[in-house]
Amino acid sequence: MNPSDKAPRVTSGPGSVSWAGAVLFLSLLMVQMAGADPLPAEQGRVPRQETHRRVPLLNSLEIRGPLGVLTQWKRILRDARSQMEKLKNSIPGSDPCPPGAASWKEFLSRARGMTGFDQLKFVNRFFNRWPYRLDKDIYGVSDYWATPQEFLRFSGDCEDYCITKYFALRELGYYPEQLRIVVLRDAIRNITHATLAVYLDNHVYILDNLSDGVFDQGRYSHYFPQYSFNEQNRWAHIPLKAFTPKKLSEEKR
């Protein structure tokens, strides 16, 4: 039930800017970040994929900084872990049983029997079954980032798919260093969009609510990252090629 004909959106991103404007904006951001201390890595944990540090995300120059003012993401980090514990430990049909518990337990029981790329494909396909819904229709506001439990109950828009897949992979043992939620500009549809990037086996794979397929980032030359983040850091991105939006009418020709 993936409504790929509908236009996902994230309104909290930097928005559409010209190439020159983007460079100016990111240059100023670099100055601001120059004095910022990166958050420390998790104690006692070794990243599974060291090589991912040498792979540019979606053909961009990355500038790492602290999470800063991502208030909606901070709220999710505060609530998501306890929610997932309740989902995992609940007994479907019992009282009280949190909404979404049956789906979450079904997901875990099936996903834990898989590994590597097959597991990524399953995660993407499993949560893409939820219908695309606008924040305004669910919550009555223009932009709301849902926790995994809220997504399981009400569904959501593009960043909500990313958030749920992020925590699903964390539950399966992926490290924060392997995961990034990416807010980007789609040059074909000329809209802001969000995807989940996963570093695995020297590749960066994109988990997108627009497709059940999982592909290497090289397939997405029309995606221009604006910023990305995980539990530890936030990155600003300078595209290594000029952003040239295409008109949908031209794309159909």
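Check the entry above for the structure.
Counting starts from 1 at the beginning of each chain's written sequence and moves along it residue by residue. Only residues with pLDDT of at least 70 get local features here, since the model is predicted, and only at 80 or more are side-chain atom pairs given and counted; chain-wide, interface and lining totals rely on the full set of residues. Only hydrogens and water are removed before side-chain values are computed, so all heavy atoms of the structure are retained for them.

Student: In this structure, what is going on with the packing of helix H2 (residues 71–89) against helix H7 (residues 158–171)? I would like to understand it.
Tutor: To describe two helices that pack against each other, one gives the angle between their axes and the distance between the axes. Each axis is a line fitted through C-alpha atoms, and for a helix only the stretch in contact is used; angles between axes span 0 to 180 degrees, taken between their N-to-C directions. We count a stretch as a helix when DSSP gives it H or I for four or more residues in a row; a strand needs E for two or more, and each element gets its number in order from the N terminus. Where H2 contacts H7, the two axes come as close as 11 Å, and the packing angle between them is 55 degrees. The angle between H2 and H7 falls in the class oblique. In the crossing of H2 with H7, the sense of the turn from one axis to the other is right-handed. Across the interface between the two elements, Trp-73, Ile-76, Leu-77, Ala-80, Arg-81, Met-84 and Lys-88 of H2 pack against Ile-163, Tyr-166, Phe-167, Arg-170 and Glu-171 of H7. With respect to orientation, any angle under 35 degrees is reported as roughly parallel, any angle over 145 as roughly antiparallel, any angle of 65 to 115 as roughly perpendicular, and every other angle as oblique. Less than a right angle of anticlockwise turn of the near helix away from the far helix marks a crossing as left-handed, whereas a clockwise turn marks it as right-handed. We call two residues contacting when some pair of their heavy atoms lies within 4.5 Å.

Student: I'm lost on the state of the cysteines in this one. Help?
Tutor: Note on disulfides: each one is a pair of cysteine sulfur atoms within 2.5 Å. Applying the stated criterion to the full structure yields zero disulfides. Its sulfur unpaired, Cys-158 is 6.3 Å from the next cysteine sulfur, which belongs to Cys-162. Buried residues are those whose accessible area, probed at 1.4 Å on protein chains only, stays under 20% of the maximum for their type, while exposed residues exceed 50% and partly exposed ones sit between those limits. Owing to a relative accessible area of 0%, Cys-158 belongs among the buried residues under this scheme. Look at Cys-162 and you get buried, because its relative accessible area is 2%.

Student: Just to check I follow, could you spell out the nonpolar core for this structure?
Tutor: The tendency in soluble globular proteins is for nonpolar side chains to be buried side by side. The set of buried Ala, Val, Leu, Ile, Met, Phe, Trp, Tyr and Cys residues whose side-chain atoms join them within 4.5 Å is what this entry labels a nonpolar core. Core analysis: the biggest nonpolar cluster contains 44 residues, and Trp-73, Trp-104, Phe-107, Phe-127, Leu-169 and Phe-229 have the highest contact counts within it. Core analysis: the second largest hydrophobic core is formed by 10 residues, Leu-57, Leu-184, Tyr-199 and Tyr-223 among them.

Student: Got a minute to help me understand helix H3 (residues 101–111) in this structure?
Tutor: Turn by turn, an α-helix covers 3.6 residues, leaving residues three or four places apart pointing in a common direction. Of all the residues in H3, the buried ones are Ala-101, Trp-104, Phe-107, Leu-108 and Ala-111. Viewed end-on, H3 has its buried residues packed into an arc of 130 degrees, placing them on one side of the element. Of the surrounding elements, those touching the buried residues of H3 are H2, helix H4 (116–127), helix H6 (148–154) and H7. Working definition: the arc comes from the directions between the helix axis and the C-beta atoms, pointing outward to the latter.

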